[in-house]
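# Structural description and commentary
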Amino acid sequence: MTVPARQIRATFAADSITVYQAYPPEIVEAALAAGRFVPPFKRERMTWIKPSFRWMMYRCGWARKPAQERVLAVEITRAGFEWALAHACASSFDPRLHADRAAWSRRLRASPVRIQWDPERSLRLAPLPHRSLQVGLSGEAVHRYVDEWLVRLTDVTPAARAARDRLTAGDDAGATALLPVERPYPLPADVARVVDASPD
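Residues numbered from 1 in each chain as written. Predicted model: local features only at pLDDT ≥ 70, side-chain atom pairs only at ≥ 80, totals over all residues. Heavy atoms only, no water.

Attention now moves to the overall build of the protein chain. If you tally the helices and strands in the protein chain, you get eight helices and nine strands. Here the C-alpha radius of gyration of the protein chain, 17 Å, is about what a compact globule of 200 residues would show, namely 16 Å. Across the 200 residues in the protein chain, those meeting the buried criterion constitute 50%. Of the roughly 9800 Å² of accessible surface on the protein chain, 54% is carried by carbon and sulfur atoms. Separation between the mean location of the 29 positive side-chain charges and that of the 22 negative ones in the protein chain comes to 4 Å. (Helix = DSSP H or I, 4+ residues; strand = E, 2+ residues; numbered from the N terminus. Rg over C-alpha atoms; globule rule 2.2 N^0.38 Å. Buried < 20%, exposed > 50% of the residue type's maximum accessible area, 1.4 Å probe, protein only. Areas by Shrake-Rupley, 256 points an atom, 1.4 Å probe, with all protein chains shown as cover. Lys, Arg positive; Asp, Glu negative; His and termini not counted. Charge placed at Lys NZ, Arg CZ, Asp CG, Glu CD.)

Structure (structure tokens):
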């Protein structure tokens, strides 16, 4: 089955969706102890969330890159996730979305959320022909993320490292069995237009 070029695939329930972030141990340990993001997590910085586990593994090198040694599964409300997308601006100019660069620049300055569609990754992290969404939160969006949207934090570093170990041993099926199941996420039509998601 052909995957649409720009489709959000995620683990989600009726009211929540799981996204991923990788951090150094001190941020993760403080967050897990508090049950929410607390210092040394910095609200002043843009924070990028990723619905695709494999893209997160590509970004953090299966939890082995410096300052990305720990991976969190962050369950947030679907209402919050969709608010973020509805208030987003593409991180680079796209003439299909904006009348001109000036219009894009105005939207960029006003928006607390950035989005970009990057190549999705295979189990062995090779680029695939379809895309995966990355969502950057800043300003108001970060505060909403931390204070309103967060449902649960789970340390999935052991699963990431176990999957990597199985890949190293040539056990692709075993590695796949450790990955979360992700399904196409049903975006409201108006939100899909903002983020330029492909039609179903």
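On we go from here.
Judged by nonpolar contacts, the single largest core of 39 residues is most densely connected at Phe 37, Leu 85, Leu 137 and Tyr 145. Sort the elements by how many residues they give to this core and helix H5 (residues 140-149) lands first, with five residues. Once residues within four sequence positions are removed from consideration, Leu 85 is found in contact with Ile 8, Ile 115, Leu 133, Val 135, Leu 187, Val 191, Val 194 and Val 195. Counting residues in each nonpolar core, the second largest holds 18 residues, with Tyr 20, Phe 53, Leu 125 and Ala 163 among its members. (Core = buried A, V, L, I, M, F, W, Y, C linked by side-chain atoms within 4.5 Å. Contact = heavy atoms within 4.5 Å.)

Before going further, it helps to examine the pairing of strand S4 (residues 70-77). Taken across its eight residues, S4 has seven buried, putting it largely inside the fold. Examined bridge by bridge, strand S2 (residues 16-23) and S4 share eight bridges and lie antiparallel to one another. Bridging across to S4, Thr 18 finds its partner in Glu 75. Bridge count for S4 against strand S8 (residues 150-155) is five bridges, and the pairing is antiparallel. Pairing of Leu 72 across the sheet is with Asp 155, part of S8. (Pairing = 2+ DSSP bridges.)

As a further point, take the sheet that holds strand S9 (residues 183-184). Across the sheet, which stays open at both edges, the five strands sit in the order S8-S4-S2-S1-S9 with antiparallel pairing between neighbours. Edge positions in the sheet fall to S8 and S9, since each of these pairs with one other strand and no more. Direction of pairing for strand S1 (residues 9-12) relative to S9: antiparallel, over a ladder of two bridges. Looking across to S9, one finds that Ala 10 is bridged to Arg 183.

This brings us to the packing of aromatic side chains. Each aromatic ring pair is summarised here by two numbers: the centre-to-centre distance and the angle between the ring planes. What the rule picks out here adds up to ten aromatic pairs. Here Phe 37 and Tyr 145 contribute two aromatic rings whose centre-to-centre distance is 5.7 Å and whose plane-to-plane angle is 25°, an arrangement assigned as stacked. Pair noted here: Phe 37 is in the loop between helix H1 (25-34) and strand S3 (47-49) and Tyr 145 is in helix H5, with a separation of 108 residues, a long-range link. Here the two residues Phe 37 and Tyr 145 agree in accessibility, since each one is buried. Between Trp 55 and Tyr 58 the ring centres are 5.6 Å apart and the planes differ by 70°, which places this aromatic pair in the edge-to-face class. Within this pair, Trp 55 and its partner Tyr 58 are both found in helix H2 (residues 53-60), separated by three residues, close to a single helical turn. Assessed through its relative accessible area of 7%, Trp 55 is described here as buried. Among the residues examined, Tyr 58 registers a relative accessible area of 33% and is labelled partly exposed. Stacked on the ring of Trp 83, the Lys or Arg Arg 144 has its end atom at 4.2 Å from the ring centre. Over the ring of Phe 12 we find Arg 183, and its NZ or CZ is 3.9 Å from the ring centre. (Phe/Tyr/Trp six-rings, centres within 6.5 Å; stacked < 30°, edge-to-face > 60°. Lys NZ or Arg CZ within 6 Å of the ring centre and 35° of its normal.)

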